[in-house]
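Listed below, chain by chain, are the residues.
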Amino acid sequence: MIAAGCWSSQLRGPVGQALPVRPVKGQILALRARPGAARPAERLVRTPRCYVVSRPDGRVVVGATVEDRGFDAAVTADGVFRLLEAAWEVLPDIGELELVAARAGLRPGTPDNAPVVGPGAAGGLVWATGHYRNGVLLAPVTALAVAELLTEGELPDSMTPFSPRRFQPSAPERDR
């Protein structure tokens, strides 16, 4: 099984197939409200530029950037600024919160930003990668699909659009 996140495309050799999985950087902030202060929002706030999640204990999460920067996982002043600015536009009181942490991670993206789930070119190889911004959300359905593939020999029909075969050139393109 290849479930190597944004490093999946780096695996070559005996697998006989490399997929176009790229790293997509995401920066995220952890803030904290002062003791006794009201939370900036009671519910998830989502805008085109950010999301803000307020926790009951006063922690506030602001995320996340989407940056094509290769394998660079450094936190940048620009990333922090853009997230704070985007959050401040919808919740001005966010500027009063304590900045606790800033971090960056790498998501696995594909050309169509959809996951890759299914059998690979080499016998017994199974791909489960490329979930982009939805890895945590799609992990349970991916696990069920892979389990069905391993026990029944086929993926559920709902997973057909996510086959690794969609990245193989069609016969006329290969013959050129």
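Quick caveat, the model's predicted, so the values are computed rather than measured.

Conventions adopted
Residues numbered from 1 in each chain as written. Predicted model: local features only at pLDDT ≥ 70, side-chain atom pairs only at ≥ 80, totals over all residues. Heavy atoms only, no water. Helix = DSSP H or I, 4+ residues; strand = E, 2+ residues; numbered from the N terminus. Expected span 1.5 Å × (residues − 1). Contact = heavy atoms within 4.5 Å. Core = buried A, V, L, I, M, F, W, Y, C linked by side-chain atoms within 4.5 Å. Buried < 20%, exposed > 50% of the residue type's maximum accessible area, 1.4 Å probe, protein only. Patch = residues over 30% accessible without salt bridge, like charges linked within 9 Å, V, L, I, M, F, W, Y side chains within 5 Å. Areas by Shrake-Rupley, 256 points an atom, 1.4 Å probe, with all protein chains shown as cover. Salt bridge = Lys/Arg side-chain N within 4 Å of Asp/Glu carboxyl O. Lys, Arg positive; Asp, Glu negative; His and termini not counted. Charge placed at Lys NZ, Arg CZ, Asp CG, Glu CD.

(A) Quick peek at helix α1 (residues 77-90). Taking 1.5 Å per residue, 14 residues should reach 20 Å; α1 reaches 21 Å between its end C-alpha atoms and fits that length. Of the surrounding elements, those touching the buried residues of α1 are β1 (22-32), β3 (51-54), β4 (59-63) and β5 (98-109).

(B) Region of interest: the nonpolar core. Ranked by size, the top nonpolar core spans 16 residues in total, and within it Leu31, Val52, Val60, Val62 and Ile94 carry the most contacts. Listing elements by their share of this core, those giving two or more residues are β1, β4 and α1. Ranked by residue count, the leading element in this core is α1, at four residues.

(C) Local environment of a negative patch on the surface. Together, Glu148, Glu152, Glu154 and Asp157 line one region of the surface with negative charge. Position of Glu152 among the secondary structure elements: in helix α2 (residues 135-152).

(D) Molecular detail of the pattern of salt bridges. Tallied over the entire structure, the rule returns 11 salt bridges. Between Lys25 and Asp72 there is a salt bridge whose closest N-O contact spans 3.3 Å. Of this pair, Lys25 sits in strand β1 while Asp72 is found in the loop between β4 and α1, placing the two residues 47 residues apart along the sequence. Asp72 sits in the partly exposed class, given a relative accessible area of 31%. Asp57 is the partner of Arg59 in a salt bridge, and the nearest nitrogen-oxygen pair spans 2.8 Å. A single network of salt bridges, built from pairs that share partners, joins Glu67, Arg69, Asp78 and Arg82.

From the geometry alone we can't say anything about function, so treat these as descriptive.
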